[in-house]
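# Reading the structure
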Amino acid sequence: MALTDVFISPTGAGDEDGSSVANALIGVEDGGGGSDWSADLISQDRANKRFIFLEGTYNVQTKLTFTGSAPTDEQPNQWVGAKSDGTILRPKFDETGLRLDLTNYPKFVCSANVQMIDTEENTYYKCLSFENTNASYSQGSIIEATSTDVDQQMWFGCNFKAAPASTSSEVMLANGTNYHTCVFEATTKNFDRILDVRANCRIDNCRIIGGGTSSGSGNGDGVTLLSHTSQFVDCVITNCHGKGIHITTTNGKVNINFANCTIVNNGGDGIDTDQDAAMGTNLTSNGEANLIFGNGGVGLRADANDDRQAGFQLLAMGSNAGGNFVDMDSYEDMIDVIAVTTADFFDYANNDFRIRRDSTLYKLFGDRNMGAIQNDDFELVSVS
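Residues numbered from 1 in each chain as written. Predicted model: local features only at pLDDT ≥ 70, side-chain atom pairs only at ≥ 80, totals over all residues. Heavy atoms only, no water.

## Things to note about the overall build of the chain
Rule in force here: We count a stretch as a helix when DSSP gives it H or I for four or more residues in a row; a strand needs E for two or more, and each element gets its number in order from the N terminus. Only protein chains enter the accessibility calculation, which uses a 1.4 Å probe. A residue is then buried if its area is under 20% of the maximum for its type, exposed if over 50%, and partly exposed in between. A contact between two residues is defined here by any heavy atoms of the two lying within 4.5 Å. We get accessible surface area from the Shrake-Rupley algorithm with a probe of 1.4 Å; when it comes to residues, only the shown protein chains can shield them.
Within the chain, the regular secondary structure consists of one helix and 33 strands. Counting every position in the chain, which comprises 384 residues, the buried fraction comes to 55%. In the chain, once contacts between residues fewer than 6 apart in sequence are set aside, the share between residues at least 24 apart is 68%. Summed over all atoms, the accessible surface of the chain reaches about 14,900 Å², with 44% contributed by carbon and sulfur.

## Side note on the pairing of strand E1 (residues 4-9)
For clarity, the threshold we go by: Strand pairing is assigned whenever DSSP detects at least two bridges linking the two strands.
One ladder, built from five bridges, connects E1 with strand E5 (residues 49-54); its direction is parallel. Of the residues in E5, the one forming a bridge with Phe-7 is Ile-52. One ladder, built from two bridges, connects E1 with strand E2 (residues 25-26); its direction is parallel. Bridge pairing in E2 links Ile-8 to Leu-25.

## A short note on the sheet that holds strand E25 (residues 271-272)
Here seven strands make up an open sheet; going across it, the order is E13-E16-E19-E22-E25-E28-E30 and the pairing parallel. The two strands at the open ends of the sheet, each matched to only one other strand, are strand E13 (172-175) and strand E30 (325-326). Bridge count between strand E16 (residues 193-198) and strand E19 (residues 221-225): four bridges; the pairing is parallel. Paired with Asp-196 across the two strands is Thr-224, which belongs to E19.

## Overview of unusual backbone geometry
Excluding glycine, residues mostly have negative phi values, and the peptide bonds linking residues are mostly trans. Positive phi outside glycine occurs at Asn-239, with the angle close to 65°. By secondary structure assignment, the location of Asn-239 is in the loop between strand E21 (236-238) and strand E22 (245-247). The backbone of Lys-363 shows a phi angle near 50°, a positive value even though the residue is not glycine. Locating Lys-363 in the fold gives a position in the segment after strand E33 (352-355).

## Some words on the environment of Thr-65
As for its position among the elements, Thr-65 is in the loop between strand E6 (56-60) and strand E7 (77-82). With relative accessibility at 36%, the residue Thr-65 sits in the partly exposed group. As for Thr-65 and Ile-42, which are separated by 23 residues in sequence, their C-alpha atoms are 6.5 Å apart. Sequence-distant contacts of Thr-65, defined by excluding residues within four places in its chain, comprise Ile-42 and Asp-118.

## Let's talk about the sheet that holds strand E31 (residues 336-339)
This is how it is decided: Every angle, taken between N-to-C directions, lies between 0 and 180 degrees, and every axis is a line fitted to C-alpha atoms, over only the stretch in contact when it is a helix.
If you walk across this open sheet you meet the eleven strands as E6-E8-E10-E12-E15-E18-E21-E24-E27-E29-E31, and the pairing is parallel. Of all strands in the sheet, those with a lone pairing partner are E6 and E31, marking the two edges. The sheet shows a mean angle of 10° between the axes of neighbouring strands, direction not considered.

Following this line, the structure appears as structure tokens:
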């Protein structure tokens, strides 16, 4: 059974029944205290519906909690971004490969210290931008993501941005969900982590960006991981004042796949598996083709009491202030390390981490570069 399309715009149009672009349902309205989610949107049934949000800015002040019927596993709900004429968007990164191109995106902007949306199971999100602009934001994940809401939930090409103001804050929580081609950004240096990954997630082709590498408040980590079987693939983690990736579980052996990631220019370690205490819990990290460069701590830190840290076969590393490895014992000699300098990047000083065509890292495998950013032939070549 096909989904029923409901067209939605910030201002509404026509008779506002949502049946077409010309009759778009109003997404936000002034309820006397400024613009917020409209009553028409709040009352919508979601089962078997595709909400097509047209480009524009949706300014809100409260959490969106629907009152109509919920989606089901057989009748899901989808949210998609679209141009003003109703053309459905597909995600793409800007030229540097670090941020999404948000041209024509619907932009949901919350000015209050609240979570923006009460998410649900069986819901899929594509090409939408969510930003909390409250200077005192301390609610944790800007979109609600509880363990009861994560079954069959997918985020694709979405942008998440906030100015966290608490040492226990985060920008987003991944709790058994999948994020593909998304950007998570903190504009301050006052948070615990940007992305908190739990319960068997897949984070694929995403970007995690902090507010600066110098000293800040809170741990300031890019990503923390608690799950035993999460996948973290083709991602960039940069500009955080803490660690790039920090495994914090105390539940025993962990087998997390870090593959083809670029972990660069963070204030702490690139990858830390030691829980900040020698627990002897046999932590391992599997993956290859990662690029770990220019971090203020160690490139890869293991657990001092664990003698089984094998897994990485190939790493591109350099300029990590604490050295490439700590507590890897003889396993570090099994890793093929390719030395990296700033000259391998297109414009490292301006956070352009694309690999230059004249770098050893370019097309190293014949079909791809080291790290996450895979732009091809972006440099001009003179032709005589």
